[in-house]
Amino acid sequence: MTRARPLSLPLSLSLSLSLSLSLSLSLSLSLSLSLSGCESATRQEAAQVVEAVDRFRKADNPGKPAAVEALRAVKCSAADVCKARDACLASAEATAKSMRLKSEVEQGLSAVEKGTMPRDSAEARALPAKLDEAESLLKEGFSLLPACDDEIMALKRRHRI
């Protein structure tokens, strides 16, 4: 009876295959880790945008302008993150500017009532137009809100935030 001889490769070929397999696994792992690092950085940016928008929405009216600046300062490199930040920034900027103008009108009216601003002054006569502009900006901010909401929800889904 003849026994089958085990298949054996020459040592040099065996080492070469082993080295090749090792390099292949190493490259795959490196590529996987680098892609994971990119995904992680993008996810972090997305989370920062979501958090900045949340802070803006929770801010009281006097705090909204500072919250807009914080949102504007969020860095983004991924297209979807930048798109969400910019959509929300458009809404937030209009809303914050509206709040600033409203505050200026309130201060002006208070000054007129106290007599520290003459009723017939250019500043006092400009108050109604300033209030109209504030109302227009507030409407603009609200009209841009659905696009912001959609982009934030998409970021949360896409990046599992």
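The rules we used
- Residues numbered from 1 in each chain as written.
- Predicted model: local features only at pLDDT ≥ 70, side-chain atom pairs only at ≥ 80, totals over all residues.
- Heavy atoms only, no water.
- Salt bridge = Lys/Arg side-chain N within 4 Å of Asp/Glu carboxyl O.
- Helix = DSSP H or I, 4+ residues; strand = E, 2+ residues; numbered from the N terminus.
- Buried < 20%, exposed > 50% of the residue type's maximum accessible area, 1.4 Å probe, protein only.
- Polar contact = N/O pair within 3.5 Å; in protein donor to acceptor, adjacent residues only side chain to side chain.
- Axes fitted to C-alpha atoms, helices over the stretch in contact; angles between N-to-C directions.
- Parallel < 35°, antiparallel > 145°, perpendicular 65-115°, else oblique.
- Left-handed = near helix turned anticlockwise from the far one by under 90°.
- Contact = heavy atoms within 4.5 Å.
- Phe/Tyr/Trp six-rings, centres within 6.5 Å; stacked < 30°, edge-to-face > 60°.
- Lys NZ or Arg CZ within 6 Å of the ring centre and 35° of its normal.

1. Brief notes about the pattern of salt bridges
Any two side chains of opposite charge can pair, on the condition that their charged atoms come close.
Item 1. This model, assessed by the stated rule, comprises 12 salt bridges.
Item 2. Across the pair Asp149 and Arg57 runs a salt bridge whose closest N-O atoms are separated by 2.4 Å. Pair noted here: Asp149 is in helix α4 (residues 122–159) and Arg57 is in helix α1 (residues 11–58), with a separation of 92 residues, a long-range link.
Item 3. Of the residues examined, Asp149 reaches a relative accessible area of 30% and is grouped as partly exposed.
Item 4. In this structure, Lys97 and Glu133 form a salt bridge, with 3.9 Å as the shortest nitrogen-oxygen distance. Of this pair, Lys97 sits in helix α3 (residues 79–114) while Glu133 sits in helix α4; the two residues are 36 residues apart in sequence, bridging distant segments of the chain.
Item 5. On the accessibility criterion, Lys97 (36% relative accessible area) is partly exposed.
Item 6. On the basis of relative accessibility, which here comes to 37%, the residue Glu133 falls in the partly exposed class.
Item 7. Put simply, Glu69, Arg72 and Glu93 are held in one network by salt bridges that share partners.

2. Things to note about the side chain of Ser121
Item 1. With respect to the element layout, Ser121 can be found in the loop between α3 and α4.
Item 2. Take Ser121: its relative accessible area is 16%, and that puts it in the buried class.
Item 3. Of the polar contacts made by the side chain of Ser121, one reaches the backbone oxygen of Pro118; its length is 2.9 Å.

3. A few points about the packing of helix α2 (residues 64–73) against α3
Item 1. Put simply, α2 and α3 touch, their axes get as near as 9 Å, and they point 160° apart. One way to sum up the angle between α2 and α3 is to call them roughly antiparallel. Regarding α2 and α3, the two cross each other, and that crossing is left-handed. Facing α2, whose interface residues are Lys64, Pro65, Val68, Leu71 and Arg72, α3 presents Arg85, Cys88, Leu89, Ala92, Glu93, Thr95, Ala96 and Arg100.

4. A short note on the packing of aromatic side chains
Item 1. Evaluation of the coordinates by the stated rule reveals 0 aromatic pairs.
Item 2. Sitting over the face of the ring of Phe56, Lys64 holds its NZ or CZ atom 4.6 Å from the ring centroid.

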